[in-house]
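Residue-level structural notes
Chain by chain, the residues run as shown.
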Amino acid sequence: MRILVLTSIYPQPDDDKTAGVTPVVHYFAKEWARQGHEVIVIHNANKFLLPLYLVPKNIRRKINSLFGIVYPEFRQRKPLYRTSDNVKIIRLPILKVIPQRDFFPSQIKNHFQRVIGILQQYDFTPDVILGHWENPQIQLLSLLKDVFHCKTALVFHGAFYIKQSGFMKRNARHLRNIDLIGARSKIEANLVRDILKLPYEPFVCYSGIPDEFIQEPFAVEDKNFSDDGLVEFLYVGRLIKRKNIGSIIEALSQVYGHNKFVLHIVGTGDCEAELKALAVQLKIEDRVIFHGLQPRHVVRNYMKKSQCFTMISSNEVFGLVYLEAMSQGCIVIASKGEGFDGIIVDGENGFLCEPGNSNQLASIYRRINSLSKEEKESISINAMKTAACFTDAKVAERYLDSVLSMSHTGK
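Residues numbered from 1 in each chain as written. Predicted model: local features only at pLDDT ≥ 70, side-chain atom pairs only at ≥ 80, totals over all residues. Heavy atoms only, no water.

Further remarks concern the pairing of strand S12 (residues 262–266). Within S12, five of the five residues are buried, leaving the element largely enclosed by the surrounding structure. Going residue by residue along S12, you find Val-262, His-264 and Val-266 tucked away on one face and Leu-263 and Ile-265 tucked away on the opposite face as well. Relative to S12, strand S11 (residues 232–236) runs parallel, the two sharing five bridges. Along S12, the bridge assignment pairs Phe-233 with Leu-263. Once the chain exits S11 it traverses helix H8 (residues 245–256) before rejoining the sheet at S12, and the crossover so formed is right-handed. Across four bridges, S12 lies against strand S13 (residues 288–292) in parallel orientation. Pairing of Val-266 across the sheet is with Gly-292, part of S13. Considered for its hand, the β-α-β crossover made up of S12, helix H9 (residues 272–281) and S13 is right-handed. (Buried < 20%, exposed > 50% of the residue type's maximum accessible area, 1.4 Å probe, protein only. Helix = DSSP H or I, 4+ residues; strand = E, 2+ residues; numbered from the N terminus. Pairing = 2+ DSSP bridges. Right-handed = clockwise from strand over helix to strand, strands pointing away.)

Structure below.
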């Protein structure tokens, strides 16, 4: 099968490594290629007006930290053709005159013609076209549908653009021309359904973890759970405001005081200095260790050693790192009412906490510490069983099956 993927965000070799570009779409693409499909990815990268690239880098990083915007580098204004994991990847920049607003119709038309040209160049007629992020994928999917008459689907990673005034009116025809709508979590799917007034339930496009995370033998005894409290804690991710890492530090200080514990923080971001200062202020700086950005295999080793993984972010659409931590037997605390709510069942395979609520998080830590060794091990084992259902191979297959077996009628 020939699969065309359109996406606004895709990892590229010239990315700023601190920008936090999610690799989730590439994980799907490379798995489909591994399964024998021919895959082309068109990365519709934002290209801003030249003056915006003169903004000092520290300010751009601050914008990235506060708003989660991936601010491209000047060098990324150029097209890029490459192959990775048997996936053909074409970065095709498109000028965005006003950040976080629609592209002009003339830009969409010109960009559509460029996409058609690339497909002709590769003699590639898609059997299915998949879009990730709504702008400009809604318009492009619709226009390509008129040409190729194949299955089309769009996966939302948020609902920023469709909430804007007039967006629905401007794009109603394009949305009707897309066969199936999906979202990255159950909560996000319900939100998109309500905003778009869909007559069906959007499918949920979950992320997966590498098969080797599950296949490697793992003994829950290695976690050294006991009837006493947890001592090994972990956070992995960007050090930005909406991740609420300060709440983790505050909660641990509140629960443990001068008692033994260690919090490993893996990642980089604009809030690092602020978080280090908070640890000093709370007099726990010797127990809060910052490891910086680490490769995936090193992160996995931290997960193996840690007893509890905590991330209580705001606006967390999914959070692949939760699954990775669960696969290594961590007791995971995730954000209540966010993207991972529904995969974690509170008290069974993990725990849920209101985003950024340090007092509630402290109560959850005390709740876990009050459990017996056997109860802690049971939650750890349940977490691993849950993660085993979300390997890259399984989620990629479910994703494609959802698109091929359903239409916009929901049948």
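Once that is clear, we can look at the pairing of strand S1 (residues 2–7). Counted residue by residue, S1 has five buried out of six residues, so it is predominantly covered. Note: S1 against strand S7 (residues 128–132), five bridges, orientation parallel. Paired with Leu-4 across the two strands is Ile-129, which belongs to S7.

Time to look at the environment of Lys-62. Among the structural elements, Lys-62 can be located in helix H2 (residues 57–67). C-alpha separation for the pair Lys-62 and Gly-269, spaced 207 residues apart in sequence, amounts to 8.9 Å.

Spatial ordering of the open sheet is given by S4-S5-S2-S1-S7-S8-S9-S10, a layout of eight strands whose pairing is mixed. The open sheet has two edge strands with one neighbour each: strand S4 (80–84) and strand S10 (203–204). By the bridge criterion, six bridges tie S1 to strand S2 (residues 38–43) in an arrangement that is parallel. Its bridge partner being in S2, Thr-7 is matched across the sheet by His-43.

By the definition in use, this model includes 14 salt bridges. Ionic pairing is found between Arg-287 and Asp-286, a salt bridge with its closest N-O pair at 3.6 Å. On the basis of relative accessibility, which here comes to 10%, the residue Arg-287 falls in the buried class. What makes Asp-286 exposed here is its relative accessible area of 58%. When salt bridges that share partners are traced, they join Lys-186, Arg-193, Asp-194 and Glu-201 into one network. (Salt bridge = Lys/Arg side-chain N within 4 Å of Asp/Glu carboxyl O.)

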